[in-house]
Amino acid sequence: MAKAGGLPKPRTPRPNHIINIIYNIYKRSEEGGLRAGKSTLSDVGKPLLAVLCGERRDPPPMWMMRQAGRYLPEYRELRAQKGGFLDLVYDSDAAAEITLQPLKRFPDLDAAILFSDILIVPFAIGQNLTFVLGEGPRLTPPLIGAGLDDLQGFSGRLDPIYETVRKVKAKLAPNKTFIGFAGSPWTVATYMVAGQGSRDQAEARTLAYDDPVKFTAIIEHIESVTIEYLSAQLEAGADAVQLFDSWAGSLSPAQFEQWVVGPTARIVGKLKARHPSVPIIGFPKGAGGKLASYARETGVDAVGIDETVDPFWANKELPPDLPVQGNLDPLALRAGGAELDRAAATILDALRGRPHIFNLGHGILQDTPIAHVERLIALVKGAR
Ligand code: CP3
């Protein structure tokens, strides 16, 4: 990895970023033609992929963030057999089985999402990754106090993940969409810098102010590995990819441009150059009022909205043909009952006229009753 010392100070957006933004705005201005062209390319048999390509479907296709995980007894059982979470991720047979578990239990879901984690990328480039029970992930050494010389480039440590993608692809029904993913550079950097989850991403934001050269080097390194990683997932069989930016909401507007929009626009631009027809979903959690400019400037094909966004507002403020994914409060799903029914109906009502993929506003909670998930799927799929 190059030493950080020689890099320019990231005070203004770099030319690359500006070119991507102009390209993406131009691309959106051609919306009609491009999207029409894309939908004919889209696999008509996959409703969720079709919506990502700009089609409207009633009822909307749906999946749930973290749909493979601890709320499922079959996941907990396999995990108990195999050891820890990372053992599951690196065992491609187990990971493929877990990826498919939600679809077996809930056949009306429209997508599988790769079972892995956004923190596999820091692990692949040289940080040590552990999950401490009840406390969450640990990455060592935290980059706030370490140099960058030990970081490595793109590595074979990601190969088992592509094996999982191939195994899932071989078994997935043809009408289901297969979503690959990565964390966005900003969100991944917050963990790499602090070495763990942090309350308000203070370590990463502090480093970005105190040593912008070092922080830029970290972001650019994650960015280049992420492009290769997502490309390889697509080559192995993913139909679409999602960029998880869980901490996009902790940045000031200028920092948001610099650390969220810039890197995302460059990733989208480079992935599109290699895989022009593959949809990319951006999920800048907490972006709120910056969602429209995020969509315009990054060139993502669809945006995920979290549960704090009013879906009526999103429908009004976002371009009418931009696919929107979301945004049921995971706590409403856990609560169930009339509150769940009401919340789901509001979202369906607000986003009915546009390309919409029903999802949660964030990952499903581990103590969510299965019966509530069944109820939600019935509500969404019965909605005509
Ligand atoms: O959506 C999916 O089902 C795909 C798989 C997926 C996981 N994590 C599986 C997982 C995805 C897309 C993620 C994303 C992820 N991981 C994010 C971004 C989205 C978000 O939730 O904000 C973040 C910040 C992480 C980092 C991470 N991984 C945390 C904070 C934790 C929780 C640690 C804990 O002990 O609760 C994980 C672990 C993790 N990732 C689990 C799963 C199913 C739980 C593993 C287990 O304990 O069995």
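Here the structure is a predicted model, which is why all the values come from computation and not from measurement. (Residues numbered from 1 in each chain as written. Predicted model: local features only at pLDDT ≥ 70, side-chain atom pairs only at ≥ 80, totals over all residues.)

(A) Summary view of unusual backbone geometry. Geometrically, the link from Asp58 to Pro59 is a cis peptide bond, its omega value of 5° lying close to zero. In this structure, Pro59 sits in the loop between helix 3 (47-52) and helix 4 (73-82). Geometrically, the link from Thr140 to Pro141 is a cis peptide bond, its omega value of -10° lying close to zero. Residue position: Pro141 is located in the loop between strand 3 (136-140) and helix 8 (159-171). In this structure, Arg66 takes a positive phi of about 60° despite not being glycine. You can see Arg66 is positioned in the loop between helix 3 and helix 4. Notably, Gln201 is not glycine yet its phi reads approximately 55°, a positive angle. By the secondary structure assignment, Gln201 is in the loop between helix 9 (185-194) and helix 10 (202-210). (Helix = DSSP H or I, 4+ residues; strand = E, 2+ residues; numbered from the N terminus.)

(B) Quick look at the nonpolar core. Within the largest apolar cluster, 111 residues are counted, with the highest numbers of intra-cluster contacts made by Val121, Ile179, Ala189, Ile218 and Val303. For Val303, the contacting residues outside a window of four places in its chain are Gly282, Leu291, Tyr294, Ala295, Leu318, Leu322, Val324 and Gln325. (Core = buried A, V, L, I, M, F, W, Y, C linked by C-beta atoms within 7 Å. Buried ≥ 20, exposed ≤ 12 C-beta atoms within 10 Å, placed from the backbone. Contact = placed C-beta atoms within 7 Å.)

(C) Structural detail: the pairing of strand 5 (residues 240-245). Most of strand 5 sits inside the fold, with six of its six residues counted as buried. Where burial is concerned, the two faces of strand 5 agree: the one with Ala240, Gln242 and Phe244 and the one with Val241, Leu243 and Asp245 are both buried. Pairing between strand 4 (residues 177-183) and strand 5: five bridges, direction parallel. Across the sheet, the residue bridging to Gly183 is Phe244, located in strand 5. Since strand 5 and strand 6 (residues 280-284) lie parallel, the crossover through helix 12 (residues 253-274) that links them has a hand, and here it is right-handed. (Pairing = 2+ DSSP bridges. Right-handed = clockwise from strand over helix to strand, strands pointing away.)

(D) Here's a closer look at the sheet that holds strand 1 (residues 111-113). Strand order in the open sheet formed by seven strands is 1-4-5-6-7-8-9, with parallel pairing between adjacent strands. Strands with a single pairing partner mark the edges of an open sheet, and in this sheet they are strand 1 and strand 9 (356-360). Averaged over all adjacent pairs, the angle separating strand axes in this sheet is 25°, with direction ignored. Where strand 1 lies against strand 4, three bridges are found, and the strand directions are parallel. Pairing of Ile113 across the sheet is with Ile179, part of strand 4. (Axes fitted to C-alpha atoms, helices over the stretch in contact; angles between N-to-C directions.)

(E) Here's a closer look at the packing of helix 9 against helix 10. One can describe the packing of helix 9 onto helix 10 by two numbers: an axis separation of 8 Å at closest approach and a directional angle of 95°. Taken as axis vectors, helix 9 and helix 10 run roughly perpendicular relative to one another. Across the interface between the two elements, Ala189, Thr190, Val193 and Ala194 of helix 9 pack against Glu203, Ala204 and Leu207 of helix 10. Here the residues of the contact of helix 9 with helix 10 sort into five nonpolar, one polar and one charged. (Parallel < 35°, antiparallel > 145°, perpendicular 65-115°, else oblique. Nonpolar A, V, L, I, M, F, W, Y, C, P; charged D, E, K, R; others polar.)

(F) Focus on the site of the ligand. Close contacts around the ligand come from 23 residues, with Gly69, Phe85, Gly136, Phe244 and Ser246 the closest. If you list the elements that add at least two residues to the shell around the ligand, you get strand 3 and strand 4. Of the residues belonging to the shell around the ligand, the class tally is 11 nonpolar, eight polar and four charged. (Near = placed C-beta within 6 Å.)

(G) Region of interest: the environment of Ala50. Position of Ala50 among the secondary structure elements: in helix 3. Note on Ala50: 22 C-beta atoms within 10 Å, which makes it buried.

(H) Representation of helix 10 in the model. Turning to helix 10, its buried residues are Glu203, Ala204, Arg205 and Ala208. Summarising the contacts, the buried residues of helix 10 are in contact with helix 9, helix 11 (212-236) and helix 12.

(I) A look at the environment of Ser277. For Ser277, the position within the fold is in the loop between helix 12 and strand 6. Overall, the presence of 11 C-beta atoms within 10 Å leaves Ser277 in the exposed class. Taking C-alpha positions, Ser277 is 9.3 Å from Ala240, a pair spaced 37 residues apart along the chain.

(J) Seen up close, helix 13 (residues 291-298). Of the residues making up helix 13, those classed as buried are Leu291, Tyr294, Ala295, Glu297 and Thr298. Positive phi appears at Gly299, one or two residues downstream of helix 13, with a value of about 80°.

(K) Seen up close, the pairing of strand 9. Burial of strand 9 is extensive: five of the five residues sit out of reach of the surface. Across the two faces of strand 9 the burial is the same, with His356, Phe358 and Leu360 and Ile357 and Asn359 all buried. Examined bridge by bridge, strand 8 (residues 324-328) and strand 9 share five bridges and lie parallel to one another. Paired with Asn327 across the strands is Asn359, a residue of strand 9.

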